[in-house]
Amino acid sequence: MMKQIYLDNSATTPLCEASKKAMCAAMAQYGNPSSLHTLGAEAARLLKQSRTEVGEALGERFLKDGQLLFTSCGTEATALAIQGTARAKSRRVASTVLTTDSEHPSVENNLKLLEKEGFRVVRVPTRGGQLDMKTVEANLGSDLFMVSMMLVNNETGARYPVEQIFAMARAASPEVVCHCDAVQGFLKVPFTARSLGADLITLSAHKIHGPKGVGALFVSERMLRERRLSPFLVGGGQEFGFRSGTENMLGIVGFAAAAKAGAQSLRTSLPHLAALSQKLRAALEGSEIVLNTPPVTAPHIVSLTLPHIKSETMLHHLAARGIYVSAGSACSAHAKGPSSVLLAFGLDSAAAASSLRISFSAENTEQDVDALCEALTDGLGTLVRIKH
Ligand code: PLP
C-alpha cells in the first residue's frame, strides 16, 4: 500500500495512543455521572479527573466549579460563549463587539446572529496576518461589550496578539467580556488561561489528537462570580447548569488523555513543528510558490499560493501520491467562492483559489516534508496552468 502522508492536521488530527487507550478503558465504564449509585460515582470521578487534566493543560491547577465546561465540539463552546454572554447581558451595558475579519465561521456566524439582535460588530482587518491596531484603538471605549478574537488563524497560521488586545480592551472598559477561540493555538503555541487573560476560551479535542465531537469552554472566575454567562443548552442541569445533556464520557476521557499527553510533550513537539515548517519554507524559498507568511506565525501551519494552478488540481495531484493537504480550511470547503480569510489576508481571488494549507502535527517527519516538496515540484512542472 502507498505510504500516506497526512499534512492536514488543522482540519483534524489522528488519535494519539494515550487517547485511544483511555477511551478503550472507559468503554467498560458505562455509568451516568449523574447517577447516585456506585457506577455513577465512578463515572463522576472519571469526569472530574478529565476536567482536571484539561484544566492543567491550560495551566489551571485548581478549577472552581463551572470553570471548565465540556461541550459537543469547539463550535458549541463558542456558541455558548457568545450567545450565553449576550443572553446574560443586562440592558444597561454596552453593545459593541470587537472581532477580526478572519474568524472561524463558528465565531463569525454567531456574531452575525448578535448583529441581527442589534449589536454592533466591528471586524478588525487582518491584512498580511496583522491586526489593524488603528481599528482596535478607534473602537475601545465604554460601548465595548465583548472582544472575540482567535489566537491562531486556521488558514494562515497567523498568531494574533490577543493578550495585548484583551488588556487594552479591559483598560478602556473594565466590564468587557473577552473570548478567545484557541482551537488552533491549544498545544501549538505556548499559553495558559492566565497568560491569555481571556474570560472565555474555546477548545476542541480533535485538533490535539483527541476524538471528534467534544470540546470545552474555559470560564474565568469573574464570569461566574458576576453571572455573566447564561446557559445555551438547557435541560437536566449537567456541566454546572451551563450545558445540559448527559456527558459524552468516551469523548471527554479521550479529550483529557490527549490534552495531558500533548501538554507533557510540548517541550519537544513545539520545536519539532517549527523545524518542519522552517524546512518547508526554506525549500520553497525562491521557487514559483509564494509563501503567505504572517509576521507572527504558529509553527504548524504554512499557507502557500501556487503559480496559476488551481488549489484542487494540486491537491488531487498530491493526494494521488498519498499526500493529504487542504485548499483553505476544511470548514470553508462548504463555502462557495474564494476563502474570505485569504482575501482578508490581502490575496486577490485568483491567488486565493490557487492556495494550499499545509498543517503539521508532531507525528510528521522531515521525510514527509521532502516527499511534499518533491511532489509539489513535480506538479509545478506537469500540471495545467490557468490562463488569465
Ligand atoms: N475554531 C477554529 C479556529 C477551528 O479551526 C475549528 C475547526 O476547524 C473550530 C473552531 C471548530 O471546532 P469543532 O470542529 O470542534 O467544532
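Above this text you will find the structure in question.
Every chain is numbered independently, its residues counted from 1 as its sequence is written. Note on the predicted model: pLDDT of at least 70 is required for a residue's local features to be given, and 80 or more for side-chain atom pairs to be given and counted; whole-chain, interface and lining totals, by contrast, use all residues. Water and hydrogen atoms play no part in the side-chain values, which are based on all heavy atoms of the structure.

Looking now at the overall build of the protein. Going along the chain from the N terminus, every DSSP run of H or I of four or more residues is numbered as a helix, and every run of E of two or more is numbered as a strand. Secondary structure assignment for the protein yields 14 helices and 12 strands. The globule rule puts the C-alpha radius of gyration for 388 residues at 21 Å, and the 21 Å found for the protein is close to it. Every one of the 388 residues in the protein was classed for burial, and the buried ones make up 55%. Only the protein chains shown count as cover for residues, and all accessible areas are computed by the Shrake-Rupley method using a 1.4 Å probe. Looking at the protein as shown, the accessible area adds up to about 16,900 Å², and 56% of this sits on carbon and sulfur atoms. Positive charges are assigned to Lys and Arg, negative charges to Asp and Glu, while His and the chain termini are left out of the count. The atoms used to mark charge sites are NZ of Lys, CZ of Arg, CG of Asp and CD of Glu. The average position of the 39 basic charges and that of the 35 acidic charges among the side chains of the protein differ by 3 Å. Note on method: radius of gyration uses C-alpha positions; expected globular size equals 2.2 Å times residues raised to 0.38. To sort residues, take the accessible area from a 1.4 Å probe on protein chains only and compare it with the maximum for the residue type: under 20% means buried, over 50% means exposed, and anything in between is partly exposed.

Right, let's get into unusual backbone geometry. Of note in this structure, arginine 227 is not a glycine but carries a positive phi near 50°. Residue position: arginine 227 is located in the loop between helix H8 (221–225) and helix H9 (249–264). The phi dihedral of phenylalanine 240 is positive, around 60°, even though this residue is not glycine. As for its position among the elements, phenylalanine 240 is in the loop between H8 and H9.

Strand pairing is assigned whenever DSSP identifies at least 2 bridges connecting the two strands. If you trace the 7 strands from one edge of the open sheet to the other, you get E2-E8-E7-E6-E5-E3-E4, paired in mixed fashion. Each edge of the open sheet carries a strand with a single partner, namely strand E2 (68–71) and strand E4 (120–124). Sheet twist, expressed as the average angle between the axes of neighbouring strands with direction ignored, equals 20°. Pairing geometry for strand E3 (residues 96–100) and E4, over 5 bridges, is parallel. Bridge pairing links threonine 96 to arginine 120 in E4. By definition, residues are in contact when any of their heavy atoms lie within 4.5 Å. A fitted line through C-alpha atoms serves as each axis, taken over the contacting stretch for helices, and the angle formed by two N-to-C directions is quoted from 0 to 180°. Helix H3 (residues 74–88) contacts E2, strand E5 (144–150), strand E6 (177–181), strand E7 (200–204) and strand E8 (215–219) of the sheet and is inclined by roughly 160° relative to E7.

Another point: the sheet that holds strand E10 (residues 301–305). Reading across the sheet, the 3 strands line up as E9-E10-E12 and stay open at both edges, with antiparallel pairing between neighbours. In this open sheet, the two strands that pair with only one neighbour each are strand E9 (290–291) and strand E12 (355–359). As paired strands, E9 and E10 are joined by 2 bridges and run antiparallel to one another. Looking at E10, one finds that valine 290 is bridged to threonine 305. Strands E9, E10 and E12 of the sheet are contacted by helix H10 (residues 266–284), whose axis makes an angle of about 20° with E10.

This brings us to the packing of helix H2 (residues 38–57) against H9. Axis separation between H2 and H9 bottoms out at 8 Å; the angle between their running directions is 35°. The handedness of the crossing between H2 and H9 comes out as left-handed. Mapping the contact onto sequence places Ala43, Leu46, Leu47, Ser50, Glu53, Val54 and Ala57 in H2 and Met249, Ile252, Val253, Phe255, Ala256, Ala257, Ala259, Lys260 and Ala263 in H9. In this classification, Asp, Glu, Lys and Arg are treated as charged, Ala, Val, Leu, Ile, Met, Phe, Trp, Tyr, Cys and Pro as nonpolar, and every other residue, Gly included, as polar. Taken together, the residues of the contact of H2 with H9 sort by class into 13 nonpolar, 1 polar and 2 charged. In this scheme the handedness of a crossing depends on how the near helix is turned from the far one: anticlockwise by less than a right angle means left-handed, clockwise means right-handed.

Criterion for a disulfide: a pair of cysteine sulfur atoms within 2.5 Å. Applying the stated criterion across every chain yields a total of 0 disulfides. Cysteine 24 carries a free sulfur, and the closest cysteine sulfur to it, the one in cysteine 16, is 12 Å from it.

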